[in-house]
Amino acid sequence: MADEKESSESMIADVQKRITDAFDIFDHESNKTVDVREVGTIVRSLGCCPSEAELHDMLEEIEEEEPTGYIRFEKFLAMMTHVLMERRYKPSPEDIILKALMTLDVEHKGHLTQEEITKYMTTEGEPFTPEEMEEMLSAAVDPDKGVVLYKDYASAMALEET
Amino acid sequence: MGCGPSKSGESDMGKSEKLMKAALLIQKWYRRYSARLEARRISAWKIYQSIEYAGEQDQLKLYNFFNNMLAFLPPDQNSNQHLSSVITARFTAGAVTRTESEQELLKHTDYTTIRVTSSYKGPRLTFPLSRYQLTTLVEGFKRGKTLHARFLLELLHNTRQLLKTKANVNVVNLNITKQLTICGDLHGKIDDLFTIFYKNGLPGPDNPYIFNGDFVDRGNHSVEVAALLFACLLLFPNDVHINRGNHEDSVMNMRYGFMKEVLNKYKDHGTKVFTLFEEVFSWLPLATMIDKKIFVVHGGISDNTTLFSLETLDRHKYISVLKPPYQIEGGNSEANDSGKPKMSEIIEWKQVLDILWSDPKTQLGCSPNSFRGGGCYFGADVTDKFLRSNNLKLIIRSHECKRDGYEYTHYKQVLTIFSASNYYEEGSNKGAYIKLGQDHKPEFVQYMTTKASRGRNISIRQRVGIIEASAIRNLKERIFASGLELKQEFQKFDPENTGRLHVMDWCCAMENVLHMELPWRTLREKLVDVDADGKVIVTTMFDFCQIHCNFTTAQEGPSLTETLYRNKDSLGTIFRIIDKDNSGSISMQEFEDACDILSRHIGHEISKEQVVDLARCLDINKDGQIDFNEFLEAFRLVDQRPRTDEELVSLSLTSMSDKEADLLSRSSGSTVNII
């Protein structure tokens, strides 16, 4: 039992250290605060995959009563520790992503045109900004064929993660 | 709700919901991926900044060390006397207080006797300059020509004459000029200047510009950038305004590449050119005031900055802002000057130092800028007080590289503008310039200059990979150079010498030794391996590469090589200071002196026998002279592991830029060194 307790304590310490490091990366002025607009990026850089709506909820928990535009470290740490320990907002595995991409390919062509993927990503779900769309296209579009070979894209991205 | 074909209606609804869910899933997944890239990019960025400022800090430490040496060495010891005279000779050659007369300066930098042969195919200038000549200058530089020493010297003389007529603080009135362009640091990156001129047009009466300092050092075309700016200034003296930066300073130039570039490009005339540049820099105005509302200065302010003082001081006496303007006791043969500085002199000197070196920070108040080693950190309260008491609305400054080329801070009362894109590495940051109209609302134009040959469309992922690989490589160099110290620190956490450390202890040790404030835990996986228990395996940090030096002798231990490698930049600066005639060669005695000075500076014994041995070995021609540039370039960090794809791309980009660099300028020591 003592071992278990020790290992869970050290796990928490580990998790908290990871959160601290991730927070520090975005703490541009080294004063233990980050811009509220970067919280989403920090949460995701820690491996979580929340939707914008879920992020919004998280922010409500940790924002000050009078929103200052900044989030303080203590509040972020407390919330994020729970999120990571409870393994909330886990990312979907590669095959699920592939299925999602296939769903967008309504004509079952085996690939998606730039227009198609742009249409879906910028009008459905939680739409991309033009910058996000451009970034995604720059990596997703096969330079020779001019379309998104989503099978290759999904596996390339999955490989990145390791 | 009508009762249409219900079955297909349902499946339509189901289908569109499926699409929405699929889209959402992909968006979430992509945003996570993107966030991780962003975190990696910022980490790489922090590494670069850390390394850059560590270099500057070291330079200032070295400089303070020299000052102290001159002021405090007991004169009776033989060796001290000798070293002191070596350094004094160099520092007073430039005449700290410019007691040298005008005629003497003109004689030393005379160009009229320099012949231009018909074999010279570069731009030719006659004075006064014409617009046509400016365009031939631009064209010539675009084609990679070097301006002949004769024309450059004449250009510099004319520039000096003009600058002498200018006040310390330039004045711009937007009611007259209607609009204005403000550029930040260029650091010898002529491609960025070409981009700016291409997008925004050459300067002219309806196209005024302010250049906010730091146009030399680091990049490979500092001479050309400076020449172009000065040519514009001569052509349009009322429409081009140049502020001095902290790199328009001979002491900085000795370390950061401008001096080397000048000496390489101009060989025999190098000393003349460099001396005249030094003189011209000291005449550059310190700031520009727009409509009495916007203050443009290179670094920033301190809580002591007084406009009246800035406007009235004699800026010319600060040849190098790092050299106090007063005489150092025993350092000069001028017997009538007393050695002790007056308080007023120090206060004034600090004013100039502060406006060229300071950085804005979130912390309130004003504190010494320890990161850089000079100037101060000033908070929003200092800015606010300064703006209020002078009835101003904005400070525009440069001095710090920003990812987007510009950045507001202090509740939009301070605006940083930085014009050198890809400053740390290909893809590291955009450059930008400000367009300012009569409404005083800054607008920004951003760009990222890539050479045509490298213009291939690379994705964000690849770009981050390249930046990261390069940053890590640079970081590893620094780690490696501090090997001995790190090993000693690790021992404190590992008294039984198991060679294993807890990750937390390892992070602690790294920060204790390197002082770089980096996210060590996140970087760990790129720097060192862990064992099955998750503990750091110390040897894996150092066994990946070796310092390779072409000149190792049998007796020389690894520690001498490591010490010299680690302090390569300081050693280079010391060499350049000792090399009075700027020939690139020093005698064996001078080489030993340099190593002696270095050992005192770092507070660490360097074995005299080993140095003498090395000196003999370096004197290949047996003519008693050592080519120190060759010596410094002989040190390279040789990576023994197989390279990742990203590292290969990054290295190929670096070596491409070297090839494209001026044929006459030699590349710096290791190809991975960006400092």
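Residues numbered from 1 in each chain as written. Chains lettered and ligands numbered in written order. Predicted model: local features only at pLDDT ≥ 70, side-chain atom pairs only at ≥ 80, totals over all residues. Heavy atoms only, no water.

A. Looking closely at the sheet that holds strand E1 (residues 169-172) of chain B. Residue and element names in this part refer to chain B. Spatially, six strands are ordered E1-E5-E6-E10-E12-E11 in an open sheet, and the strand pairing comes out mixed. Taken across any chain shown, the strands that pair with only one partner, and hence form the sheet edges, are E1 and strand E11 (406-409). Adjacent strand axes in the sheet meet at a mean angle of 20° when their direction is disregarded. Sheet topology places E11 next to strand E12 (residues 414-417); four bridges connect them, and they run antiparallel. Of the residues in E12, the one forming a bridge with Glu 407 is Thr 416. (Pairing = 2+ DSSP bridges. Helix = DSSP H or I, 4+ residues; strand = E, 2+ residues; numbered from the N terminus. Axes fitted to C-alpha atoms, helices over the stretch in contact; angles between N-to-C directions.)

B. The interface of chain A and chain B, seen in detail. In this complex, chain A contributes 47 residues to the contact, which on the side of chain B involves 35 residues. Together chain A and chain B conceal approximately 4,000 Å² of surface at their shared face, both sides included; 65% is due to carbon and sulfur atoms. Summed over the shared surface of chain A and chain B, the number is three salt bridges. We note a salt bridge from Asp14(A) to Arg521(B), for which the minimum N-O separation is 2.5 Å. The interface formed by chain A and chain B contains eleven residue pairs in polar contact (both at pLDDT 80 or more). Listed by contribution, the elements that provide at least two residues to the side of chain A that touches chain B are helix H1 (2-26), helix H2 (39-45), helix H3 (52-62), helix H5 (94-104), helix H6 (114-123), helix H7 (130-140) and helix H8 (150-161) of chain A. Take the side of chain A that touches chain B: its biggest share by element is seven residues, from H1(A). Within the side of chain A that touches chain B, the residues separate by chemical class into 20 nonpolar, eleven polar and 16 charged. (Contact = heavy atoms within 4.5 Å. Buried area = accessible area lost by both parts, 1.4 Å probe. Salt bridge = Lys/Arg side-chain N within 4 Å of Asp/Glu carboxyl O. Polar contact = N/O pair within 3.5 Å; in protein donor to acceptor, adjacent residues only side chain to side chain. Nonpolar A, V, L, I, M, F, W, Y, C, P; charged D, E, K, R; others polar.)

C. Summary view of the UniProt feature "domain: EF-hand" (unreviewed entry) in chain B. This chain's UniProt record puts "domain: EF-hand" (unreviewed entry) on residues 566-601 and 606-641 of chain B. Between the end C-alpha atoms of residues 566-601 of chain B there is a gap of 13 Å, over a span that is 72% helix and 8% strand. (UniProt positions renumbered as here; feature names shortened; annotations may be inferred.)

D. Examining the sheet that holds strand E7 (residues 359-360) of chain B more closely. Residue and element names in this part refer to chain B. Reading across from one edge, E7-E9-E8 is the order of the three strands in this open sheet, with mixed pairing throughout. The open sheet has two free edges, formed respectively by E7 and strand E8 (366-368), since each of these has just one partner strand. Inspection of the sheet shows E7 paired to strand E9 (residues 376-378) by two bridges, in the parallel sense. Paired with Asp 359 across the bridge in E9 is Tyr 377.

E. Broad picture of the domain arrangement of chain B. Domains assigned within chain B are domain 1 (83-116 + 134-326 + 343-447), domain 2 (466-548) and domain 3 (558-639). Between the C-alpha centres of domain 1 of chain B and domain 2 of chain B the distance comes to 39 Å. (Domains from an automatic or database assignment.)

F. Geometry of the packing of aromatic side chains. Inspection of the entire model under this criterion finds 25 aromatic pairs over all chains. Between Tyr153(A) and Trp29(B), the aromatic rings sit 5.9 Å apart at their centres with planes inclined by 85°, giving edge-to-face as the arrangement. Taken together, the residues span two chains, with Tyr153(A) in helix H8 and Trp29(B) in helix H1 (residues 6-72). As far as the burial class goes, Tyr153(A) and Trp29(B) line up, both buried. (Phe/Tyr/Trp six-rings, centres within 6.5 Å; stacked < 30°, edge-to-face > 60°. Buried < 20%, exposed > 50% of the residue type's maximum accessible area, 1.4 Å probe, protein only.)

G. Focus on the packing of helix H5 (residues 149-164) of chain B against helix H8 (residues 222-235) of chain B. Residue and element names in this part refer to chain B. Their axes nearest at 10 Å, the elements H5 and H8 cross at an angle of 50°. Regarding the angle of H5 to H8, the classification is oblique. Crossing hand, H5 versus H8: left-handed. Along the contact surface, H5 presents Leu 152, Leu 155, Leu 156, Asn 158, Thr 159, Leu 162 and Leu 163, while H8 presents Val 223, Ala 227, Phe 230, Ala 231, Leu 233 and Leu 234. Across the contact of H5 with H8, the residue classes tally to eleven nonpolar, two polar and no charged. (Parallel < 35°, antiparallel > 145°, perpendicular 65-115°, else oblique. Left-handed = near helix turned anticlockwise from the far one by under 90°.)

H. How the structure looks around the pairing of strand E10 (residues 394-397) of chain B. All names here are of chain B. The two faces of E10 match: Leu 394 and Ile 396 on one face and Ile 395 and Arg 397 on the other face are all buried. As defined by bridge partners, strand E6 (residues 294-297) adjoins E10 across three bridges and the pair is classed as parallel. Paired with Phe 295 across the bridge in E10 is Ile 395. One ladder, built from three bridges, connects E10 with E12; its direction is parallel. For Ile 395, the partnering residue across the bridge sits in E12 and is Val 414.

I. Spotlight on the domain arrangement of chain A. By domain assignment, chain A separates into domain 1 (2-85) and domain 2 (94-159). Taking only C-alpha atoms, the centre of domain 1 of chain A and the centre of domain 2 of chain A are 30 Å apart.

J. Seen up close, the nonpolar core. Residues and elements named next belong to chain B. With 61 residues, the main nonpolar core has Leu 147, Leu 152, Phe 211, Phe 215, Leu 228, Phe 230 and Phe 277 as its most contacted residues. For this core, the secondary-structure elements that each account for two or more residues are helix H4 (131-142), H5, helix H7 (190-200), strand E3 (209-211), H8, strand E4 (240-242), helix H10 (258-266) and helix H11 (270-283). Here this core gets twelve residues from one element, more than from any other, and that element is H8. In terms of nonpolar packing, the next biggest core, distinct from the first, is built from 36 residues, Ile 47, Tyr 423, Leu 486 and Val 513 among them. (Core = buried A, V, L, I, M, F, W, Y, C linked by side-chain atoms within 4.5 Å.)

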